[in-house]
Amino acid sequence: MASADLPIEILHALDKSTPLLSSEAFPNVKFLDLKSALDRLASREMIRYDTLEREEAILEPEGEQIAANGSHEARVFEVLRKAVEGLTVQELEKEIGDKNITKLGQGKAFKEKWISKTKDGKLQATKDSIDDLTQQQMQTIQNTKTLPDPKVLAELKKRKLVRMEKVITFKLHKGPKFALEIPEEAIDLTPEMIANGSWKTVTWKPYNFKARGADQYAGALHPLNKVRAEFRQIFFEMGFEEMPTDKYVESGFWNFDALFVPQQHPARDMQDTFFISDPKVADPPRAESAEDKRDYDTYWDDVRAVHQNGKYGSIGYRYPWSGDESLRLVLRRTHTTAISANMLYKLASKKGPDGRPPPARYFSIDRVFRNETVDNTHLAEFHQVEGVIADYGLTLGGLMEFMVVFFGRMGLTDLKFKPAYNPYTEPSMEIFAWHQGLGKLVEIGNSGMFRPEMLEPMGLPKDLRVYGWGLSLERPTMIKYGISNIRDLLGHKVDLGFVRNNPAVRLDKN
Ligand SMILES: N[C@@H](Cc1ccccc1)C(=O)O
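These numbers come from a predicted model, not from an experiment. Position numbers for residues start from 1 in each chain and track the written sequence from start to end. In view of the model being predicted, local features appear only for residues whose pLDDT reaches at least 70, and side-chain atom pairs are presented and counted only at 80 or more, with totals across whole chains, interfaces and linings using the full set of residues. Only hydrogens and water are set aside when side-chain values are computed; all heavy atoms of the structure are taken into account.

A short note on the site of the ligand
Near is defined per residue: the residue qualifies when any heavy atom it owns lies within 4 Å of the molecule or strand. As a matter of local geometry, the ligand sits amid 15 residues, with His335, Thr337, Gln384, Tyr424 and Asn446 nearest to it. A distance of 2.9 Å separates a nitrogen atom of the ligand from a polar side-chain atom of threonine 337. Asparagine 446 is positioned such that a nitrogen or oxygen atom in its side chain is 3.2 Å from an oxygen atom of the ligand. Per-residue accessibility takes into account occlusion by the displayed protein chains alone, with areas from the Shrake-Rupley method and a 1.4 Å probe. Its free accessible area being 320 Å², the ligand has 91% of it covered by the protein chains. Per the convention used, a helix needs a DSSP run of H or I reaching at least four residues, while a strand needs a run of E reaching at least two, with both numbered from the N terminus. Per element, the largest residue contribution to the shell around the ligand is four residues, and it comes from strand β15 (residues 440-450). For this classification, Asp, Glu, Lys and Arg are treated as charged, while Ala, Val, Leu, Ile, Met, Phe, Trp, Tyr, Cys and Pro are nonpolar and the rest, including Gly, are polar. Residue classes in the shell around the ligand are distributed as three nonpolar, 11 polar and one charged. Polar contact criterion, stated in full: a pair of N or O atoms within 3.5 Å, where within protein one must be able to donate a hydrogen and the other to accept it, and residues adjacent in sequence count only if both atoms are side-chain atoms.

In structure tokens form, the structure reads like this:
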């Protein structure tokens, strides 16, 4: 009975009898409908109301069953009372039809001394009649919603036969402006009202200063930005320094050659890489500032040597390395490792307290591009989270342990490692984690220890070892926010509703 006429019905009911209890006069009206009708009348001083709060005892399903059929112990007693010869436990169970009820009831009935064992081990009743107090209590609760003895009530709650529910009832009185009709009210002051003077006599709708305003959009972080912020936090807490993320265009040299990726590698193919058409080529690598005293020419020659003929104990790839190919400009392909290479090259010229390059930890979270057919899980661009750790005496076991700690910070446990291949790392490992929702292992990252062919031409000492790893920012974000189409997450269709309507993302819900 939630009708627009509810306020009028309330007025009429109050006219017949006052005060009035809402639980009696309007037992079936939904709480919110009733409350808003009452507030509407009260704000016009047509009625007044008090709020009465009380707790009602409600029977749980088991309590209902006892109210109807008797307590377990009474049922056991009743069956045994009728069996003059007594019953075995199996017979009793068959009669009652429920193993659990038989077991519980039997125990209680023994305690009450309603039943006993015969010499031949059968069960029998000890009297002609009993008082089933529990059933009576359940029936009292059913009828009166409470029990006179609060201790007994508490006991029944503990036994999960009843639960307490808060009930709100309103006690209604007539207000000073009580009437049987709600006067017509003006909401806005119009020019006509001023012109014809009716503003002096109309009844104005009262202001409701307690009403809550409409939801305001205070701004929200895009899910990718939220997860990005979480990753940055983890990196900073673990002592990492952020690498610059200001370049989308890179020379093939830093993107591939410095990483010991051979020039005929499929990743360098048109199908995988976006090449820039104007300008087509980069300048050869050179110092970017006056402090940079590195000899880039030697480095360039060393990269050529290690690819073409092998050097530093490596036999290389043995193909004619082309300087022009390495200067082609690319939209940074599937990895941000180009920046790591550049950072490691710079690290080689730094001097720690012992005069050698100091240990370092770098990370970046940045956009990468690849020439790919677009579908639900693939776009031509995405973001990569990349980390690098350089230190003396690092081992593969240390990398695995680090991964456990790093991904553990994101709540990913039970990692699995699988041998993999990257031209720039050896050994390399793919990292998998168990995805609860999908019920399978999913790949969450790629990692490895950078090859000497990459590090030694840079001038890094032989015993400085470097871990590297990368993962997409999109995958954990899609898992976390249950997003199945990557195009909802980034791309050309910016849908504000997606951010606004996702409660997990709203800033105020943070
Ligand atoms: N560049 C790799 C990630 C990686 C970085 C550094 C070392 C090893 C692997 C990728 O695209 O997945």
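Okay, back to it.
Let's talk about the environment of asparagine 143
With respect to the helices and strands, the residue asparagine 143 is situated in helix α8 (residues 133-144). Residues asparagine 143 and leucine 224, 81 residues apart in the sequence, show an inter-C-alpha distance of 57 Å.

Structural notes on the domain arrangement of the chain
What fixes the domain bounds is an automatic or database domain assignment. Each assigned domain of the chain is listed with its residue range as follows: domain 1 (72-131) and domain 2 (225-509). One C-alpha centre belongs to domain 1, the other to domain 2; they are set 75 Å apart.

Details of the sheet that holds strand β2 (residues 47-59)
Strand pairing is defined by DSSP finding a minimum of two bridges between the two strands. The three strands lie next to each other as β1-β5-β2, forming an open sheet whose pairing is antiparallel. The strands lining the two open edges of the sheet, one partner per strand, are β1 (20-21) and β2. In this structure, β1 lies alongside strand β5 (residues 162-174), joined through two bridges in antiparallel fashion. Bridging across to β5, leucine 21 finds its partner in lysine 171. In the packing of helix α1 (residues 6-16) onto the sheet, contacts are made with β1, β2 and β5, and the angle to β5 comes to roughly 75 degrees. Contacts between residues were defined by any pair of non-hydrogen atoms, one from each residue, lying within 4.5 Å. Angles shown run from 0 to 180 degrees and are taken between the N-to-C directions of axes, each axis being a line fitted to C-alpha atoms and, for helices, limited to the stretch in contact.

So, the environment of asparagine 225
Within the secondary structure, asparagine 225 is located in helix α11 (residues 223-237). Type-normalised accessible area, obtained with a 1.4 Å probe on protein chains alone, sets the label of each residue: buried when under 20%, exposed when over 50%, and partly exposed for intermediate values. Classification of asparagine 225 as partly exposed rests on a relative accessible area of 38%. A sequence separation of 252 residues divides asparagine 225 from threonine 477, and the C-alpha atoms of the two residues are 9.4 Å apart.

A closer look at the side chain of histidine 383
Tracing the backbone through its elements, the reader meets histidine 383 in strand β12 (residues 381-392). Engagement of the side chain of histidine 383 in a polar contact is seen with the side chain of glutamate 474, the distance being 2.8 Å. Histidine 383 has contacts with Leu224, Asp366, Arg367, Leu471, Ser472, Leu473, Glu474 and Leu490, leaving out every residue within four places of it along the chain.

Quick notes on the pairing of β12
The buried fraction of β12 is high, at 10 of 12 residues. Looking at chain direction, strand β11 (residues 360-369) and β12 are connected through 10 bridges and run antiparallel. Counted as the bridge partner of valine 368 is phenylalanine 382 from β12. The pairing of β12 with strand β16 (residues 464-472) spans nine bridges and is antiparallel.

Some thoughts on the packing of aromatic side chains
Two rings from Phe, Tyr or Trp (for Trp, the six-membered ring) form a pair when their centres are within 6.5 Å of each other. A pair whose planes differ by under 30 degrees is stacked, one over 60 is edge-to-face, and the rest are tilted. Summed over all chains, the structure comprises 28 aromatic pairs. Judged by centre distance (5.3 Å) and plane angle (85 degrees), the ring pair of phenylalanine 253 and tryptophan 254 falls under edge-to-face. Taken individually, phenylalanine 253 and tryptophan 254 each receive the classification buried, so the pair is uniform in this respect. Taken together, the aromatic side chains of Phe231, Phe235, Phe236, Phe240, Phe363, Phe402, Phe406, Phe407 and Trp469 make up a single cluster linked through ring pairs. As a reminder, the over-ring test applies to NZ of lysine and CZ of arginine, requiring each to be within 6 Å of the ring centre and within 35 degrees of the ring normal. Lying across the ring of tyrosine 345, arginine 294 places its NZ or CZ 4.0 Å from the centre. Its guanidinium or amino end placed over the ring of phenylalanine 275, arginine 328 lies 3.8 Å from that ring's centre, counting from NZ or CZ.

Digging into the packing of helix α4 (residues 61-69) against α8
Between two packed helices, the angle of one axis relative to the other and the distance separating the axes together describe the packing. In contact at an axis separation of 8 Å, α4 and α8 are set at 110 degrees when each is read in the N-to-C sense. Considering their axes alone, α4 and α8 lie roughly perpendicular with respect to each other. The two elements α4 and α8 meet at a crossing, and its hand is left-handed. When α4 is examined against α8, the residues Gly63, Glu64, Ile66, Ala67, Ala68 and Asn69 are found in contact with a partner set consisting of Thr134, Gln135, Met138, Gln139 and Gln142. When its residues are assigned to classes, the contact of α4 with α8 shows four nonpolar, six polar and one charged. Angles are sorted into four bins: roughly parallel if under 35 degrees, roughly antiparallel if over 145, roughly perpendicular if 65 to 115, and oblique for all others. By the definition used in this description, the sense in which the near helix is turned from the far one sets the handedness, with an anticlockwise turn below a right angle giving left-handed and a clockwise turn giving right-handed.

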